[in-house]
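Observations on the model geometry
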Amino acid sequence: MTTFDAALAESQALTERIEQARLAYYERNESVISDADYDALMRRLEELEATFPQLQGQDSPTLSVGGRVASTFDPVTHAERMMSLDNVFDEEQFAAWYDRVVKDAATSPRLLCELKIDGLAISLTYVNGTLTQAATRGDGVVGEDVTANVKTIAGIPHRLSGAGWPALVEVRGEIFFPIEAFHQINEQLAEADEKVFANPRNAASGSLRQKDATKTAGRPLRMLVHGIGAWADVPVATQSDVYGLLAGWGLPVSTHFRVVDAAEGAIAFIRQMGAARDSVEHEIDGIVVKVDDLAVQRELGSTSRAPRWAIAYKYPPEQVNTKLVDIRVSVGRTGRATPYAVVEPVKVAGSTVEFATLHNQDVVRAKGVLIGDTIVIRKAGDVIPEVLGPVLELRDGTERAFVMPTGCPECGATLAPASEGDIDLRCPNARSCPAQVRGRVEHIGSRGGLDIEGLGEVAAGALTNHVDGETPPLETEAGLFGVTIDDLLGNAYFRNADGGASKNALELLANLELAKTKPLWRLVVSLNIRHVGPVAARALADYFGSLEAIRAASTDELAAVDGVGAIIAESLSGWFDIDWHRDIVDAWTRDGVQWSTPGHAGPGARTQVEGPCSGLIIVATGSLEGYTREGAEEAIIAAGAKPSSSVSKKTDFVAAGPGAGSKLAKAEELGIPVLDAAGFTRLLAGGPSAV
């Protein structure tokens, strides 16, 4: 058990780290530690103070809000204190908060759920409908006067519209950088050799707090309203009705909120938006849940720093700080040489991250990262983690610059651009570079290729890696379907403890045999022809019916096929001009691969699956429960419909799950019926009448 002396020492150390982080965050627009690390420090300090209450002085960080007011701007005293929010980090903690609300309020109040914008808190004061003052939160009591800067932000009215506004009202909200605009401004700053922003929140804060308001005017800042401060005699009974009033006065109110009856509804909203958080135009790090009834809010009151009637449900962090240990280069199946970051393992978005992408050498330069830096990395959903930038304040002089190698790290061939103007360097040894062969073999086994169980990243490596100078089972993918047990036994991955064939080996051989009769379009995709993905491959297979017919067609004939076009046609024709490419087809043919669609009558005689959705065009987007992306596409085809990757007036239905983004917006704009996963399943089974 922690002694008082140990707790005192730890609390002092925690307080010092928290105050340093606050100083950087609120006054210098810098994130010297990640939000997750900051939250962890605060939680630990709260635990110590709960165990030893005498540790909690009046100046404890657990009792204060925000940071001090910087000397750059004049101080402003808020008419009503700007509070912070308490946090919960899982559904159990949220349920416990709601139970306390129900107990203290002696009722089960309705809840308003809204996105927690990761931006800069702001308070707008309107006197008789005119914007007279804008102030940052500061320490909650005194903020900074940023009125001139705020007046340059599009969407914030200088005078309220409509009628019925009070003599004085404080409107609270968040100023933020749209994600797309954030990436654009960082590119501009990098090109000008200026310091880039580590994240959108820092970009918003730094842009708003410019001494010269014309500089703020040049930044695409936005604001959304999420509450009120001083307002005598609010004429409505609920928070949601307040939002209706504010919207009627011309203030920008988020449409991403929902009023629910109880905790279960709030948890459903939390889960839904957690899955779709990457489709929102601005950064979010959680959901704010508020009691909707204003009378109950007043009854519940506040602590010294946060209201008891609201809580912030924080998602697992998508953005954290860690150490950049090294920058290495990988080569993919197309030969592209890609730098990637090796970082100290850190948990982000629910999983441990050890590597992050850096795209190319120009991106490394633009981001300004050095090996040894503390860096900010971001991981959104299942997307590969990305390096956002360095924490310059933590450099100690031991960092070093990355130098792009001149040779391929796997085969030694000289790296060069594929064409003039190409910023990416590529390995020209396409036929036998182990990295490229490995990538192509893995692609063959992928869901978008032949979907071969047991032929993933590890198996592809075992088939192609040179171990102790020995020749691997495959030098190119040409030998894939001719691999034997004896070939596999040369690699430990395919041997059991007794030296015989492992389960991995036997399953791979059995699944390779089954793959020989997979649909023609999958075989075409598996040839790794540039630009020829599933959509083009399906169109080609449907029209020509065999690889022989595809191969015999002219470039013009290929380009004339709906869904193909000139670029794909030229790439396809060019692929067959290379001898080792033709060797792959010949070898697979000798080993039993079937290159034709049974029953197809030849070029132009399209095969058409008849089904309940025959003639329809359906777009599947987002995460549809029960379907992979490829699975949804195949289900559409099996039902007789045509899958499409874009929404247009010709689209009949859009199946949209969490993260649908712009395609969902386009469907709603055009008035196209939108289905969830269950509706999608009903449509495929029973046709339009089923939905």
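Only a predicted model underlies this, so the values are computations on that prediction, with no experimental measurement involved. Per-chain numbering applies: the sequence of each chain, read as written, is numbered from 1 onward. Whole-chain, interface and lining totals are the exception, using all residues; otherwise, since this is a predicted model, local features are given only for residues with pLDDT of at least 70 and side-chain atom pairs are given and counted only at 80 or more. To get the side-chain values, all heavy atoms of the structure are used, and hydrogens and water are removed first.

Quick notes on the packing of helix α17 (residues 534-544) against helix α22 (residues 629-638)
Note the threshold: Between N-to-C directions, angles span 0 to 180 degrees; the directions come from axes that are lines fitted to C-alpha atoms, helices contributing only their stretch in contact. Secondary structure elements are taken from DSSP: a helix is a run of H or I of four residues or more, a strand is a run of E of two residues or more, and numbering for both begins at the N terminus. In these notes the angle categories are as follows: under 35 degrees is roughly parallel, over 145 is roughly antiparallel, 65 to 115 is roughly perpendicular, and the rest is oblique. It is the rotation of the near helix from the far one that decides the hand of a crossing: anticlockwise by less than a right angle makes it left-handed, clockwise makes it right-handed. Whether two residues are in contact is decided by their heavy atoms, any of which lying within 4.5 Å being enough. Polar here means any residue other than Ala, Val, Leu, Ile, Met, Phe, Trp, Tyr, Cys and Pro, which are nonpolar, and Asp, Glu, Lys and Arg, which are charged; Gly is therefore polar.
Where α17 contacts α22, the axes come no closer than 12 Å and their chain directions differ by 25 degrees. Comparing the axis directions of α17 and α22 gives the class roughly parallel. The two elements α17 and α22 meet at a crossing, and its hand is right-handed. For the pair α17 and α22, the contacting residues are Pro534, Val535 and Arg538 in the first and Glu633, Glu634 and Ile637 in the second. Here the contact of α17 with α22 is composed, by residue class, of three nonpolar, no polar and three charged.

Here's the deal with the state of the cysteines
Note the following rule: What counts as a disulfide here is a pair of cysteine sulfur atoms lying within 2.5 Å.
The final tally for this structure, using the stated rule, is zero disulfides. Here Cys408 stays free of any disulfide, with the sulfur of Cys411 as its closest cysteine sulfur at 3.7 Å.

Looking at the sheet that holds strand β2 (residues 87-88)
Rules: Strand pairing requires that DSSP identify at least two bridges connecting the strands.
Strand order in the open sheet made by the five strands is β2-β11-β10-β3-β9, with mixed pairing throughout. The open sheet is flanked by β2 and β9 (257-260), the only strands paired with a single partner. One ladder, built from two bridges, connects β2 with strand β11 (residues 310-314); its direction is parallel. Pairing of Asn87 across the sheet is with Ala312, part of β11. Running at roughly 175 degrees to β11, helix α3 (residues 91-105) makes contact with β2, β3 (111-117), β10 (284-291) and β11 of the sheet. Seen against the sheet, helix α9 (residues 263-276) touches β3, β9, β10 and β11 and runs at an angle of roughly 25 degrees to β3.

Regarding the sheet that holds strand β5 (residues 130-136)
Read from one edge to the other, the open sheet built from four strands follows the order β5-β4-β7-β8, with strand pairing classed as antiparallel. Two strands in the sheet have a free side with no partner beyond their single neighbour: β5 and β8 (222-228). If you compare each strand with its neighbour and ignore which way they point, the axes differ by 35 degrees on average. Relative to β8, strand β7 (residues 168-176) runs antiparallel, the two being bridged by six bridges. Bridged to Val171 within β8 is Ile228. Sitting on the sheet, helix α6 (residues 200-208) is in contact with β4 (120-127) and β7, with an inclination near 40 degrees to β4. Lying on the sheet, helix α8 (residues 239-248) is in contact with β7 and β8; it crosses β8 at an angle near 135 degrees.

Considering unusual backbone geometry
Working note: non-glycine residues mostly have negative phi, and peptide bonds are mostly trans. Threshold: Accessible area is worked out with a 1.4 Å probe on protein chains only. A residue is then buried under 20% of its type maximum, exposed over 50%, and partly exposed in between.
With a phi angle near 55 degrees, Ala106 is a residue other than glycine that sits in the positive phi range. Tracing the chain through its elements places Ala106 in the loop between α3 and β3. Its relative accessible area of 71% is what places Ala106 among the exposed residues. Here Asp233, not a glycine, exhibits a phi torsion of approximately 55 degrees, which is positive. One can find Asp233 in the loop between β8 and α8.

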